[in-house]
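Chain and residue survey
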Amino acid sequence: MLHTINTSPFESPAMEECIRFVQPGDPVLFIENGVYAVQNGNRFTDAIAALQKTSPVFALQPDLDARGISSVAPGVEGIGYDGFVDLVEAHQVNSWL
Amino acid sequence: MEDNVKKIMHVMRRAPHGSIYTYEGLEMILIMAAYEQDLSIAFIGDGVYALKKNQNTEGISMKGFAKTFMALDGYDVEKLYVDRVSLAERGLTEDDLLVDVELLDSAEIGRRMSEQDVVIHH
Amino acid sequence: MNIGILLKEGPYNHQAADTAYKFAEAAIKKGHTVDAVFLYNDGVINATNLTDPPQDDRNIAARWSNMAKEHGVEILACIAASKRRGITDDIMIEGGSITGLGTLTDIAIRNDRLLTFGD
């Protein structure tokens, strides 16, 4: 199951809640303000690293670009809307609004 | 279970009254319940507040819909899951809730979530 | 893959309508079918033809209308949510219509995926 997170972790508990329910192997995609979670060196960098032990982590590149985020936490893959569609094709979706 | 029956989970994640999401979410659940799908509701985070006893909305002129959660049984919506951590974090126990629910660990709710065809957060 | 979209926020105030649109556009380009965009909560405000954004900004309502016309995507506003917010048939974008939550249930049942965009 693909999990998407669209709110900044500084503003919302969505990411922390999501992480508790993600099953091993489930991909996690950060979109919209959610991408602030993967800016390298912020206080969530350790949480992102821990999440990556069991889940591949993606961030929507146009949302990273729009917010001036050029350095993302190690291992986080930037993808376009095309890549988002591919993830949706491969998984059912759980959007943590 | 028949092939054309979908597993649909509604996830309540917001506190009631401060925004309309919980109430309109409940309206959606009541309609979907008529379609004989495999419905469940999970209460996570502030969503657990929707089930709190003793809500009195008279003073804010809003419809008190907490009791509607008690009526879900009559719509054959019987799978109500509450996240144990979310409840404990808020200093609440099962005795504070209006309805009988299954109090589950995050891992178990996550497992049931992963079996769904559709998950809708409110 | 057949896709249904549930959009729960109005235009401009939140990025949800933009992300939903961009996703739908990419899916269509890849040959997938976007069956319907169901508008719920403040999302129903996406369907009014009264919006008049500045010319240098995107026209979100017009984008949905064009997607409906060019790709057969149903743009559906929930009737209960619409009534609360003053959205009626008279001000509906071309290609949009008002319907009930039962239709959303059908969309959930008949498509391979139902994606939610919102706040």
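As a reminder, the structure under discussion sits directly above these lines.
Because the structure is a prediction, the values reported are computed rather than measured.

The next subject is the layout of surface pockets. By volume, the second largest pocket is sized at about 240 Å³. Taken together, Thr-7, Glu-11, Ser-12, Pro-13, Glu-17 and Leu-97 of chain A, Arg-13, Arg-14, Ala-15 and Asp-46 of chain B together with Asp-119 of chain C make up the lining of the second largest pocket.

All names here are of chain C. Strand order in the open sheet formed by five strands is β4-β3-β2-β1-β5, with parallel pairing between adjacent strands. Single-partner strands in this sheet number two, and they are β4 (96-99) and β5 (113-117). Across the sheet, the mean angle from the axis of one strand to that of its neighbour is 25 degrees, orientation sign disregarded. Two elements, strand β1 (residues 2-7) and β5, share five bridges in a ladder whose sense is parallel. Within β5, the residue paired with Leu-6 across the bridge is Thr-116.

This part is about unusual backbone geometry. A positive phi angle is found at Glu-36 of chain B, which is not glycine, with a value near 55 degrees. One non-glycine residue, Tyr-12 of chain C, adopts positive backbone phi at about 70 degrees. What makes Tyr-12 of chain C partly exposed here is its relative accessible area of 31%.

Our focus in this paragraph is the interface of chain A and chain C. Counting from both sides, the interface comprises 18 residues of chain A and, opposite them, 19 residues of chain C. Counting each side, the surface lost to burial between chain A and chain C is near 1600 Å², with a carbon and sulfur contribution of 62%. It is Tyr-81, Val-85 and Leu-97 of chain A that lose the most area in chain A upon contact with chain C, and together they represent 35% of the buried surface on that side. At the junction of chain A and chain C, the tally comes to one salt bridge. Between Asp-86 of chain A and Lys-30 of chain C there is a salt bridge, and its shortest N-O distance comes to 3.0 Å. Where chain A packs against chain C, one counts 10 residue pairs in polar contact (both at pLDDT 80 or more). Listed by contribution, the elements that provide at least two residues to the side of chain A that touches chain C are α4 (81-90) and β5 (93-96) of chain A. With eight residues, α4 of chain A is the single largest residue contributor to the side of chain A that touches chain C. Tallied by class, the residues present in the side of chain A that touches chain C amount to eight nonpolar, four polar and six charged.

Cut-offs applied
Here the residue numbering is sequential within each chain, running from 1 through the sequence in written order. All chains are assigned letters beginning at A, and all ligands numbers beginning at 1, according to the order in which they are written. Only residues with pLDDT of at least 70 are given local features in this predicted model, and only at 80 or more are side-chain atom pairs given and counted; all residues enter the totals for whole chains, interfaces and linings. Side-chain measures here rest on the full set of heavy atoms in the structure, leaving out hydrogens and waters. Space inside and on the surface of the protein is sampled on a 1 Å grid over the protein atoms alone, with a cavity defined as a set of points where a 1.4 Å probe fits but cannot get out and a pocket as an open set with protein on both sides within 12 Å along at least 5 of 7 lines; lining residues have an atom within 4 Å of a point. Grid points are joined across faces, edges and corners, and a volume is the space filled by probe spheres set on the points. The pairing criterion for strands is at least two bridges between them, as found by DSSP. Helix and strand assignments come from DSSP, with helices taken as H or I runs of at least 4 residues and strands as E runs of at least 2, each series counted from the N terminus. Whenever a helix is involved, its axis is fitted only over the stretch in contact; in every case the axis is a line through C-alpha atoms, and angles between N-to-C directions fall within 0 to 180 degrees. Between buried and exposed lies partly exposed: a residue is buried under 20% and exposed over 50% of the maximum accessible area for its type, with that area taken using a 1.4 Å probe on protein chains only. Note on contacts: a residue pair qualifies if any of its non-hydrogen atoms lie within 4.5 Å across the two residues. Values labelled buried area give the accessible surface lost by two parts on being combined, using a 1.4 Å probe and summing over both. Salt bridge, as used here: a side-chain nitrogen of Lys or Arg that lies within 4 Å of a carboxyl oxygen of Asp or Glu. In protein, a polar contact requires one atom able to donate a hydrogen and another able to accept it; more generally it is a pair of N or O atoms within 3.5 Å, and residues adjacent in sequence count only if both atoms are side-chain atoms. Residue polarity follows a fixed list, in which Ala, Val, Leu, Ile, Met, Phe, Trp, Tyr, Cys and Pro are nonpolar, Asp, Glu, Lys and Arg are charged, and the others, Gly among them, are polar.

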